[in-house]
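Notes for the structure review
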Amino acid sequence: MANITLVDDDENIVASVSLALESHGHTVTAYHDGATGLEALEATPPDLVILDVKMPRMDGMEVLRRLRQTSQIPVIMLTSKDEEIDEILGFNLGADDYIHKPFSQRLLIERVKALLRRSGADGGEPEPAGEGSGKAIRRGKLSMDPARHESTWDGKPVKLTVTEFLLLQALAQRPGFVKSRDNLMDAAYDDQVYVDDRTIDSHVKRMRKKFRAVDPEFDAIETLYGVGYRYRES
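The sections below set out a description of the structure shown in this document. This structure is a prediction, so every number in the text was calculated from the model and none was measured. (Residues numbered from 1 in each chain as written. Predicted model: local features only at pLDDT ≥ 70, side-chain atom pairs only at ≥ 80, totals over all residues. Heavy atoms only, no water.)

1. Considering the packing of aromatic side chains
What the rule picks out here adds up to 4 aromatic pairs. An angle of 80 degrees between the planes, with centres 5.9 Å apart, marks the rings of W153 and F211 as edge-to-face. Here W153, found in strand β8 (residues 150-153), pairs with F211, found in helix α8 (residues 197-214); they are 58 residues apart in sequence, far enough to count as distant. Take W153 and F211: they sit in the same class, and that class is buried. With centroids separated by 4.8 Å and ring planes inclined at 15 degrees, the aromatic side chains of F211 and F218 adopt a geometry described as stacked. In this structure F218 comes out as buried when scored by relative accessible area, which is 3%. Here a set of aromatic residues connected by ring pairs shows up, and it is made of W153, F211 and F218. (Phe/Tyr/Trp six-rings, centres within 6.5 Å; stacked < 30°, edge-to-face > 60°. Helix = DSSP H or I, 4+ residues; strand = E, 2+ residues; numbered from the N terminus. Buried < 20%, exposed > 50% of the residue type's maximum accessible area, 1.4 Å probe, protein only.)

Right under this line is the structure:
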């Protein structure tokens, strides 16, 4: 199964989450503050990270921001229900999923299972975004290799999170065809996971930023306001 790092300063949550994950065969390493957690993540990257937002020494948002500078490890954020702004910020920083406290252990296990399956960290191949999506994609300057979870633009590597990769894959499979936000949710998320429109918008915004870092003229992901998105092959 997977190696999972849990970073949370609440000892009760650490104990209960660790027990639940270990009962499903995962190995869990826990840290109680952000700075120590980040140091461990950089030294020994796990298969998946569960990261609390509010922690001493360094909060979860700063941990995520620094982690995304060098790593695309799948990340699930934990936050209180009244911290909606944290959820939006977290997705903009590159979080793959969110769970609101208090949460059931069953919900956590299902979210972990879905994210590991999508990333291929459960021992299988990364989950495809649709029929034929296991094949390499080449659309103009874009190249995507689902088997290796690699993407390039004009030969330059662009590091995408699991969720970003699946969203772009869904768009690039059929250039010119519009994908609604619901279509993209289905491509990137498990059936039991609900996310709102802003989540998809945040992921697309972050993808554009990454591609524009290697090509300031990047405009392949087109927004159709009130409808969705489409990939425009130049």
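Still to come is the rest of the account.
2. Observations regarding the sheet that holds strand β7 (residues 142-145)
Read across the open sheet, the 4 strands follow the order β6-β7-β8-β9; overall the sheet is antiparallel. Each of the sheet's edge strands pairs with one partner strand only, and the pair in question is β6 (137-139) and β9 (156-157). Contacts from helix α6 (residues 162-172) reach β6, β7 and β8, with the element oriented near 120 degrees to β7. (Pairing = 2+ DSSP bridges. Contact = heavy atoms within 4.5 Å. Axes fitted to C-alpha atoms, helices over the stretch in contact; angles between N-to-C directions.)

3. Things to note about the environment of L115
Looking at where L115 falls in the secondary structure, it is placed in helix α5 (residues 105-119). Apart from the residues within four sequence positions on either side, L115 is in contact with L48, P74, V75, I76, D96 and V162.

4. Some thoughts on the sheet that holds strand β5 (residues 97-101)
Taken in spatial order, the 5 strands line up as β2-β1-β3-β4-β5 in an open sheet, and their pairing is parallel. At either end of the open sheet lies a strand with only one pairing partner, and these are β2 (27-31) and β5. Each adjacent strand pair in this sheet contributes to an overall mean axis angle of 20 degrees, direction not counted. Across 4 bridges, strand β1 (residues 3-7) lies against strand β3 (residues 48-52) in parallel orientation. In the sheet register, V7 faces β3, and the bridge partner there is L51.

5. Description of the packing of helix α1 (residues 11-23) against α5
The contact between α1 and α5 brings their axes to 10 Å, and the two run at 55 degrees. On the basis of their axis angle, the class for α1 and α5 is oblique. The crossing of α1 and α5 is right-handed. Of α5, the residues touching α1 (which contributes S16, V17, A20 and L21) are Q105, L108, I109 and V112. (Parallel < 35°, antiparallel > 145°, perpendicular 65-115°, else oblique. Left-handed = near helix turned anticlockwise from the far one by under 90°.)

6. Here's the deal with the pairing of β2
The two faces of a sheet get side chains in turn, since along a regular strand they alternate between them. Of the pairings in the sheet, the one linking β1 to β2 comprises 5 bridges and is parallel in character. Of the residues in β2, the one forming a bridge with N3 is T27. For the segment spanning β1, α1 and β2, crossover handedness is right-handed. (Right-handed = clockwise from strand over helix to strand, strands pointing away.)

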